[in-house]
Amino acid sequence: MKYRLMKMLLNLRIDRSPIEFKSISGHELSTFDYIHLLWLNDTKFYRALVSILTCESNGLDAERHCFVSPFGEVISSLEGCRNVYLLNDSACNGPASFINDYGDFGKLIFIHAPFLGRHVLRIKSKYLGKIVWRSWGGRLFYEGEARLSAKKLAKAVLTPLARRKLQAIRAFGIGNMVDQIDLERQIGHTRFYRLNYPGECTWEIREGIASEVQAVNRVPRVLIGHSGYTEENHFKIVDRLALYEEKDAEFLFLLPYGDKTYIKQLKRYAAEKLGLRAIFIEDMKPIENYLRFLNSVDIAILDATCSTGLGCFCNLLFFKKKIFVNKAGLYYEALRRCNLPVFASDEIGRVSWDELLFPPAYPDDYREKDLLPQPYTNAVNCWRRALNELACNA
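Below you will find a few notes about this structure. (Residues numbered from 1 in each chain as written. Predicted model: local features only at pLDDT ≥ 70, side-chain atom pairs only at ≥ 80, totals over all residues. Heavy atoms only, no water.)

### A few points about unusual backbone geometry
Consideration 1: For Asp61, which is not a glycine, the phi torsion comes out positive at approximately 55 degrees.
Consideration 2: Here Asp61 is to be found in the loop between α3 (46-54) and β4 (65-69).
Consideration 3: Not every positive phi belongs to a glycine, and Lys320 is a case in point at roughly 60 degrees.
Consideration 4: For Lys320, the location among the structural elements is in the loop between α13 (310-318) and β14 (322-325).
Consideration 5: Judged by relative accessible area, which is 42%, Lys320 ranks as partly exposed. (Helix = DSSP H or I, 4+ residues; strand = E, 2+ residues; numbered from the N terminus. Buried < 20%, exposed > 50% of the residue type's maximum accessible area, 1.4 Å probe, protein only.)

### Focus on the packing of aromatic side chains
Consideration 1: Counted according to the given criterion, the structure contains 22 aromatic pairs.
Consideration 2: Taking 5.6 Å as the distance between ring centres and 70 degrees as the angle between the ring planes, the aromatic pair formed by Phe235 and Tyr262 counts as edge-to-face. In this pair, Phe235 is assigned in helix α10 (residues 234-241) and Tyr262 in helix α11 (residues 260-274), connecting sequence segments 27 residues apart.
Consideration 3: By relative accessible area, Tyr262 is classed as buried at 8%.
Consideration 4: The structure contains a cluster of three or more aromatic residues connected by ring pairs, namely Trp39, Phe98, Tyr102 and Phe105.
Consideration 5: Seen from the ring of Tyr257, Lys44 lies directly overhead, with NZ or CZ sitting 5.4 Å from the centre.
Consideration 6: Against the face of Tyr197 rests Arg134, its NZ or CZ located 4.7 Å from the ring centre. (Phe/Tyr/Trp six-rings, centres within 6.5 Å; stacked < 30°, edge-to-face > 60°. Lys NZ or Arg CZ within 6 Å of the ring centre and 35° of its normal.)

### Observations concerning the side chain of Lys322
Consideration 1: Considering the arrangement of structural elements, one finds Lys322 in strand β14.
Consideration 2: Despite its burial, Lys322 remains without a salt bridge, the nearest opposite charge being carried by Glu347 at 6.4 Å.
Consideration 3: A polar contact is formed between the side chain of Lys322 and the backbone oxygen of Phe358, at a distance of 2.9 Å.
Consideration 4: With near-sequence residues (within four places) excluded, Lys322 lies in contact with Asp298, Ile299, Ala300, Phe343, Glu355, Leu356, Leu357, Phe358 and Pro360. (Lys, Arg positive; Asp, Glu negative; His and termini not counted. Salt bridge = Lys/Arg side-chain N within 4 Å of Asp/Glu carboxyl O. Polar contact = N/O pair within 3.5 Å; in protein donor to acceptor, adjacent residues only side chain to side chain. Contact = heavy atoms within 4.5 Å.)

This is the structure:
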């Protein structure tokens, strides 16, 4: 096992010099208490995660954490970070495979990626108590087709088994109450810790943008969705907005990623229904530009029932925007629990244009609500609490 591990894990020393690789032994890996699996080829969040845990001034025992990913692009994006390792083994198929092979190392294994419930069936039961899964939203279980099929029958048998195994893992990490509601709906009550990935300067940027004065006498700006996926229900929303045919407005479709075929169809349909009022934004914006863009809209429509675009949702709340959400969705329930203004997306097309745009009344303490982005120091404290409690209950 030690020989195989030396072949599989390559330590990437990232600095200003050319990239070099250094093999790591099982003994070296065993010196880390917390193994973090970065199992998505995505570079938006992982640097913030590694930075918050390895910054010495945060006091989170930086030397006890290591970070493993099978994606070279992820590793490259972590330039300058410490304790980062590239997993270089085609035989290691997903986090379940890694945990089964190397679950004896470390005290806790954190999974930072979307994770289907069926994958947990492959994890040896003896390692479930070491896993902390940081939820990234999405459905845990296969929905299946309506007709009777072998796949549907398999789901009926395997889903309860997967749910029981998920309930047996040590804890779930969440972004905020939305993730908690999502997990409660899918697997029942379990143990949660708020584990965020904040950028250290994001709070100050957000505060500054919130204080900026918006332009006067401009046309209303309406944000529709956050990505180019079917769960955002864009076509339904376009039909409802088209009922306000005589109103001057900018209907902003945020499509920096998603299903290319779906995006192409949506752009054609929205242009037909809304004309030049439909504006499509397909570039990824730097964080400051992105936040300023969100602050510039008057209302937002996030009609997905799942938690897609959670960061977008939370920042819109920070800027006190009027948000229309799906009545059957996670956002609707979370807003109600937090006593924040909540508007159902099925009101669009039924209420007058003036009523649609009428600003919401946020409570004075709205920034203290669980759904709002938290200052960097709060995120550090949440990680410290989680690590201390998980260590005590080992």
